[in-house]
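Residues per chain, in single letters:
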Amino acid sequence: MKYDSQSRREFLTTVSRTGLLLSAAGVLNACSPLLATSSVEESSFIPDVEIDLRAVQDDIQILNGKKTSVWRYIAQLVQGPEDAVQTIPGSYLGPIFHFRRGQNVRIQFHNEITEETIVHWHGLHVPESADGHPRLVIAPGETYTYQFKVVDRAGTYWYHPHPHGRTGPQVMKGLAGLLIVHDEEDDGAGLPTGEFDLPLVIQDRSLSSDNQFLYQSSGMMGQMVGFLGDQIFVNGKPQMELPVATRPYRLRILNGSNARIYKLGWQDGRPLIVIGTDGGLLEAPLSRDYVSLAPGQRVDLWADFSQDALGSRLWLQNFEDSTPGSADFSLLSVLVDREADSTLPLPQKLSTPNYLSEGQALNYTEPRTFELAMGMGMQWTINSRTFEMEKVARDERVKLGDIEEWRFRNPASGNMGILFPHPMHIHGLQFQIVERIVADRYRPTWSTVSAGFVDEGWHDTVLVMPGEEVRLLMKFEDYEGLYLYHCHNLEHEDMGMMRNYRVE
Ligand code: C2O
Ligand code: CU
Ligand code: CU
């Protein structure tokens, strides 16, 4: 089914054609009751950062031989601090945006690829007009203006396309980038900065013999499992080698894969020191033998190479678990190639996360429950429904200002015996993971990943394993409007494992 966004498109084109300085988002706010009233006065919106962002077709040299045809984001800083846009040389990945909490951001997005698209800022709490809902897609040649205030905690966020039915293929072609929010608390946490603060975007890809990305999501298996590539790319490159100095680093890891779930660990058995999750720094560092990272999720690590000998190598590994396509393989190799002239102690206190408490949830005794299942038409569903562009069911309406408990339940039976993990993502907010309830017969598969869950901290995506029910706590603040919740296995999402919820 195709959503007709014709009138909105014409409208947006008119806006850009006449060269009005009014933002499209602002204008839409004024004329559509569907769209949120933002806390930022649209008429008096003065951007601190202004960026021109384009989605373009390009050919880049990834492997020897023929160039790879990609779609990628390219950005130009129009106005604002110079370090707001950081490009990754030679990569198909979009530039890394660096924003500070409190900044007003305006982004003019130009669609220069051959199909409809729209950009979503994954993890950010923004007005609905800036959230990149699929109903806001723009046609090739059109422009969409985003305006929002950065209100989120410092942390590792990201952006990617969100057209209905085409998110998987567009991300796979290269459209994705990191968005890092900074604030005073994070600045003062005593963590490595500059060249010692490294982003690592992990994705899997398959390439044809002439170096083109292959995407097979069709057929039963493709639709059920999602896209699994046979090569690991880090920051847009295969076989990544990371030269480091003998000192601590901050590694910001994003699982930017369509469907692959990673079980990350160091090959020599040293623990991973976790300092942050989707929504920023933890209260204090945590140690894990491995970390399970589902599509869409981020984890910030403290990686200290000060005890490693010059010239030594270590590997960040994937360990085999019960998730689809899992195997033992290396993700990247680290080469300790220089002596550091400074070091840092691991801070014992990282941040004050200001958690909610369970008792604050209004529906504490009657949580909202969403069941994830394979429906009759061999389609993944949420409470037996698939995506409808503008529809919101009665159990998908929430009140502005409320704190609620939501439960995602991946049932232990039914599903015609087909059991899959689902990384569930909620737009527009960060939630807490309160509890996981696991059916006994699924403990064996569950326990291949469970010691790698980092349920502390703030999250926007949570892995819900087969036979598991996960309890979440969240608050609907500041903005009314239409937001999404969906499975972040992009093939499941494209198939319709996505729904609207409305804050009203
Ligand atoms: Cu990262 Cu709705 O998506
Ligand atoms: Cu999102
Ligand atoms: Cu799913």
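Residues numbered from 1 in each chain as written. Chains lettered and ligands numbered in written order. Predicted model: local features only at pLDDT ≥ 70, side-chain atom pairs only at ≥ 80, totals over all residues. Heavy atoms only, no water.

Side note on the coordination of the copper ion (ligand 2)
Within the protein, the atoms that donate to the copper ion (ligand 2) are His-120 (NE2) and His-425 (NE2), at distances of 1.9 Å. Pair noted here: His-120 is in strand β6 (residues 119-122) and His-425 is in strand β26 (residues 422-426), with a separation of 305 residues, a long-range link. Residues His-120 and His-425 agree in their burial class; the two are buried. (Donors = N, O, S within 2.8 Å, 3.2 Å for Na, K, Ca; no water. Helix = DSSP H or I, 4+ residues; strand = E, 2+ residues; numbered from the N terminus. Buried < 20%, exposed > 50% of the residue type's maximum accessible area, 1.4 Å probe, protein only.)

So, the coordination of the copper ion (ligand 3)
When a metal carries six donors in an octahedron, the ideal angles between them are 90 or 180 degrees, while four donors in a tetrahedron ideally lie at 109.5 degrees. Ligation of the copper ion (ligand 3) by protein atoms is provided by His-422 (ND1), Cys-487 (SG) and His-492 (ND1), these donors lying 2.0 to 2.2 Å from the ion. The motif formed by the donor residues of the copper ion (ligand 3), counted along the single chain, is H-x64-C-x4-H. Separated by 70 residues along the polypeptide, His-422 in strand β26 and His-492 in helix α7 (residues 490-494) bring together distant segments of the chain. Among the residues examined, His-422 registers a relative accessible area of 0% and is labelled buried. The exposure class of His-492 is buried, given its relative accessible area of 0%.

What to know about the nonpolar core
Leu-251, Ile-253, Trp-266 and Phe-305 are the most contacted members of the largest nonpolar core, which has 40 residues in total. Examining the composition of this core, we find that five residues originate from one element, strand β21 (residues 329-338), more than from any other. When near neighbours in sequence (up to four residues on either side) are disregarded, Phe-305 contacts Val-244, Ala-245, Thr-246, Arg-247, Pro-248, Tyr-249, Trp-266, Arg-270, Leu-314, Val-334 and Val-336. Core analysis: the second largest hydrophobic core is formed by 33 residues, Ala-84, Leu-136, Leu-175 and Val-181 among them. (Core = buried A, V, L, I, M, F, W, Y, C linked by side-chain atoms within 4.5 Å. Contact = heavy atoms within 4.5 Å.)

Observations regarding the packing of aromatic side chains
According to the stated counting rule, one finds 29 aromatic pairs in the structure shown. Ring centres 6.4 Å apart and planes at 55 degrees place the aromatic pair Tyr-485 and Tyr-501 in the tilted group. Here Tyr-485, found in strand β30 (residues 481-487), pairs with Tyr-501, found in strand β31 (residues 498-503); they are 16 residues apart in sequence, far enough to count as distant. Assessed through its relative accessible area of 0%, Tyr-485 is described here as buried. Taken together, the aromatic side chains of Tyr-73, Phe-97, Phe-99, Phe-109, Trp-121, Tyr-144, Tyr-146, Phe-148 and Tyr-159 make up a single cluster linked through ring pairs. The side chain of Arg-247 reaches across the aromatic face of Phe-196, ending 3.7 Å from its centre. We note Arg-436 situated over the ring of Phe-453; from NZ or CZ to the ring centre the distance is 3.6 Å. (Phe/Tyr/Trp six-rings, centres within 6.5 Å; stacked < 30°, edge-to-face > 60°. Lys NZ or Arg CZ within 6 Å of the ring centre and 35° of its normal.)

With respect to the confidence of the model for the chain
When the pLDDT values of the chain are averaged, the result is 91; 89% of them are 70 or greater. Note that pLDDT drops below 50 for residues 1-41; the model gives that stretch 60 contacts with residues more than four away or on any other chain. (pLDDT = per-residue confidence, 0-100.)

Observations regarding the side chain of Gln-430
With respect to the helices and strands, Gln-430 occurs in the loop between β26 and β27 (432-438). A polar side-chain atom of Gln-430 sits 3.3 Å from the main-chain amide nitrogen of Gly-279. At a separation of 2.9 Å, a polar atom in the side chain of Gln-430 contacts the side chain of Asp-460. Not counting residues up to four positions away in its chain, the partners in contact with Gln-430 are Gly-123, Tyr-157, Asp-278, Gly-279, Arg-298, Trp-458, His-459 and Asp-460. (Polar contact = N/O pair within 3.5 Å; in protein donor to acceptor, adjacent residues only side chain to side chain.)

Re the environment of Thr-68
When you line up the elements, Thr-68 lands in strand β2 (residues 68-79). Since its relative accessible area comes to 0%, Thr-68 is described here as buried. On a C-alpha basis, the gap between Thr-68 and Asp-58 in space is 8.2 Å, while along the polypeptide they are 10 residues apart. Beyond its immediate stretch of four places on either side in the chain, Thr-68 contacts Asp-58, Asp-59, Ile-60, Ile-62, Leu-207, Asn-211, Gln-212 and Phe-213. Among the polar contacts made by the side chain of Thr-68, one reaches the main-chain carbonyl oxygen of Asn-211 at a distance of 2.7 Å.

A short note on the sheet that holds β27
One open sheet accounts for five strands, arranged β23-β22-β25-β29-β27; its pairing is mixed. With partners counted over all chains shown, the strands left at the sheet margins are β23 (380-382) and β27, one partner each. The mean angle between the axes of side-by-side strands here comes to 20 degrees, regardless of whether they run parallel or antiparallel. Strand direction decides the pairing type here: strand β25 (residues 403-410) and strand β29 (residues 468-475), joined by eight bridges, are antiparallel. (Pairing = 2+ DSSP bridges. Axes fitted to C-alpha atoms, helices over the stretch in contact; angles between N-to-C directions.)

Focus: the pattern of salt bridges
All chains considered together, the criterion is met by 39 salt bridges. In this structure, Arg-499 and Glu-388 form a salt bridge, with 2.7 Å as the shortest nitrogen-oxygen distance. Here Arg-499, found in strand β31, pairs with Glu-388, found in the loop between β23 and β24 (397-398); they are 111 residues apart in sequence, far enough to count as distant. On the basis of relative accessibility, which here comes to 1%, the residue Arg-499 falls in the buried class. Judged by relative accessible area, Glu-388 falls into the partly exposed class, the value being 32%. Linking Glu-405 and Arg-407 is a salt bridge whose minimum nitrogen-to-oxygen distance equals 2.8 Å. Accessibility assignment for this pair places Glu-405 and Arg-407 in one class, buried. The network of salt bridges with shared partners includes Glu-358, Glu-371, Glu-405, Arg-407, Arg-409, Glu-435, Glu-469 and Arg-471. (Salt bridge = Lys/Arg side-chain N within 4 Å of Asp/Glu carboxyl O.)

A few points about the sheet that holds strand β1 (residues 49-60)
Read across the sheet, four strands follow the order β2-β1-β5-β7 without closing on themselves; strand pairing throughout is mixed. Each of the sheet's edge strands pairs with one partner strand only, and the pair in question is β2 and β7 (143-149). Put simply, the sheet's adjacent strands are angled 20 degrees from each other on average, direction ignored. Examined bridge by bridge, β1 and β2 share 11 bridges and lie antiparallel to one another. Bridge pairing in β2 places Leu-53 opposite Ala-75.

Some thoughts on the environment of Tyr-144
You can see Tyr-144 is positioned in strand β7. Tyr-144 gets classed as buried once you look at its relative accessible area, which sits at 1%. Along the primary structure Tyr-144 and Ile-107 are separated by 37 residues, whereas in three dimensions their C-alpha atoms are 8.2 Å apart. Looking at Tyr-144, its side chain comes within polar contact range of the main-chain oxygen of Ser-129, at 2.5 Å.

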